[in-house]
Amino acid sequence: MRVTMGAVSTPARRPEDAAADADILRRIRAGDATAIDDLYARFRRPAFALARRILADDVLAEDVLQEVFLSVWRDPSAYERGRGSVASWLLAVVHHKAVDAVRREESQRRRQALAEEELALDEPVAARDVEDDVWTRVVSERVRTALGGLSAPQREALTLAYYGGYTQREVAALTDTPLGTVKTRMLSGMRRLKQELGGAVVEMTGGALGTATASEPGR
């Protein structure tokens, strides 16, 4: 897509046209909803031609026109009479927003191309991640079910270790329980889990439970 950066040209207009344009702006400032329709009717063709020349796309050009006239309705005070006629100001706004639209489209295309490249590179890794995620969910569900079969103190201690990642000493502090009692509860709870889950699943959970139930020398 190419941007034509030629000078903004206004259509040939008579002095009375400029006065009528100014009157429409005055009506818009006063909140007259029909005034913006009148302004659109007067400038749609030259504004669309300019946007179309820059964007080379009818749909994008129409979008720019909608954006321009909506901005005029929202803030008609943006036009200052001392800076030229309504026609030259309005077409300058069209030019500016059309160029912005070109930049947005180009930026979006770059981001999409980059995302597609990254997706192609990451696809094998993503497939493995999905498999690992499914297995982790299965294990987590089995652990949650097995924990439900423990006594309340055992379940509390192991839940804090497995889901919270706390050490035995931290579990003792959180539950206001002697450290030796916490160790006993967690070890007996782990034996029960091994019976319920089997070695394979316990091995998968060992990173959390195994670390938490290990002794803490020097602590």
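Residues numbered from 1 in each chain as written. Predicted model: local features only at pLDDT ≥ 70, side-chain atom pairs only at ≥ 80, totals over all residues. Heavy atoms only, no water.

**Focus: the overall build of the protein**
Consideration 1: The helix and strand inventory of the protein stands at eight helices and zero strands.
Consideration 2: In sequence order, the secondary structure elements of the protein are arranged as α-α-α-α-α-α-α-α.
Consideration 3: By the burial criterion, 32% of the 219 residues in the protein qualify as buried.
Consideration 4: Considering only contacts in the protein between residues 6 or more positions apart, those separated by 24 or more positions represent 65%.
Consideration 5: By element, 53% of the accessible surface of the protein is carried by carbon and sulfur atoms, the whole surface being about 13,500 Å². (Helix = DSSP H or I, 4+ residues; strand = E, 2+ residues; numbered from the N terminus. Buried < 20%, exposed > 50% of the residue type's maximum accessible area, 1.4 Å probe, protein only. Contact = heavy atoms within 4.5 Å. Areas by Shrake-Rupley, 256 points an atom, 1.4 Å probe, with all protein chains shown as cover.)

**Digging into helix H6 (residues 168-175)**
Consideration 1: For H6, the full list of buried residues reads Gln168, Val171, Ala172 and Thr175. The arc that holds every buried residue of H6, seen down its axis, measures 100°, which confines them to one face. More than 90 degrees from the buried face of H6, the exposed residues found are Ala173 and Leu174.
Consideration 2: Within two residues after H6, aspartate 176 carries a phi angle of roughly 55°, on the positive side. (Arc of directions from axis to C-beta.)

**A word on the confidence of the model for the protein**
Detailed reading of the predicted coordinates is not advisable wherever pLDDT falls low.
Consideration 1: Averaged over all residues, the pLDDT of the protein is 76; the fraction at 70 or higher stands at 70%.
Consideration 2: Predicted confidence for residues 1-10 stays below pLDDT 50, and this span has 24 contacts to residues more than four positions away or in other chains. (pLDDT = per-residue confidence, 0-100.)

**Brief notes about the packing of H6 against helix H7 (residues 179-197)**
Consideration 1: Packing of H6 against H7 brings their axes to within 9 Å, and their N-to-C directions diverge by 110°. What the angle tells us is that H6 and H7 run roughly perpendicular. For the crossing formed where H6 meets H7, the hand is right-handed. Across from Gln168, Arg169, Val171, Ala172 and Thr175 in H6, the residues of H7 making contact are Leu179, Val182, Lys183 and Met186.
Consideration 2: Looking at the contact of H6 with H7 residue by residue, the classes come out as five nonpolar, two polar and two charged. (Axes fitted to C-alpha atoms, helices over the stretch in contact; angles between N-to-C directions. Parallel < 35°, antiparallel > 145°, perpendicular 65-115°, else oblique. Left-handed = near helix turned anticlockwise from the far one by under 90°. Nonpolar A, V, L, I, M, F, W, Y, C, P; charged D, E, K, R; others polar.)

**Let's talk about H7**
Consideration 1: In a regular helix each residue adds 1.5 Å, so 19 residues correspond to 27 Å; H7 covers 26 Å between its end C-alpha atoms and thus fits that length.
Consideration 2: Turning to H7, its buried residues number three or more, namely Val182, Met186, Gly189, Met190, Leu193 and Leu197. Looking straight down H7, one finds its buried side chains confined to an arc of 110°; they lie on one side. Turned more than 90 degrees away from the buried face of H7, the exposed residues are Thr184, Arg191, Lys194 and Gln195. (Expected span 1.5 Å × (residues − 1).)

**Quick notes on the packing of helix H2 (residues 33-55) against helix H3 (residues 58-74)**
Consideration 1: Following both chains from N to C, one finds H2 and H3 inclined at 140°, their axes separated by 9 Å at the closest point. You can see that H2 and H3 cross each other, and the crossing is right-handed. Counted together, Ala33, Ile36, Leu39, Tyr40, Phe43, Arg44, Ala47, Phe48, Ala51, Arg52 and Leu55 of H2 and Asp58, Leu60, Ala61, Glu62, Val64, Leu65, Gln66, Phe69, Val72 and Trp73 of H3 form the full contact between these two elements.
Consideration 2: In terms of residue class, the contact of H2 with H3 is made up of 16 nonpolar, one polar and four charged.

**Observations concerning the pattern of salt bridges**
Consideration 1: Overall, the coordinates contain nine salt bridges when judged by the stated rule.
Consideration 2: By sharing partners, the salt bridges in this structure join Arg27, Asp32 and Asp38 into a single network. (Salt bridge = Lys/Arg side-chain N within 4 Å of Asp/Glu carboxyl O.)

**Some points on the nonpolar core**
Consideration 1: Core analysis: the largest hydrophobic core is formed by 32 residues, its most contacted members being Leu39, Leu55, Val64, Val72 and Leu90.
Consideration 2: Among the secondary structure elements, those contributing two or more residues to this core are helix H1 (15-29), H2, H3 and helix H4 (86-147).
Consideration 3: Per-element tally for this core: the top contributor is H4, with 11 residues.
Consideration 4: Residue contacts for leucine 90: discarding those within four places in its chain leaves Leu39, Phe43, Val68, Phe69 and Val72.
Consideration 5: Counting residues in hydrophobic clusters, the runner-up holds 15 residues, among them Val143, Ala157, Ala172 and Met190. (Core = buried A, V, L, I, M, F, W, Y, C linked by side-chain atoms within 4.5 Å.)

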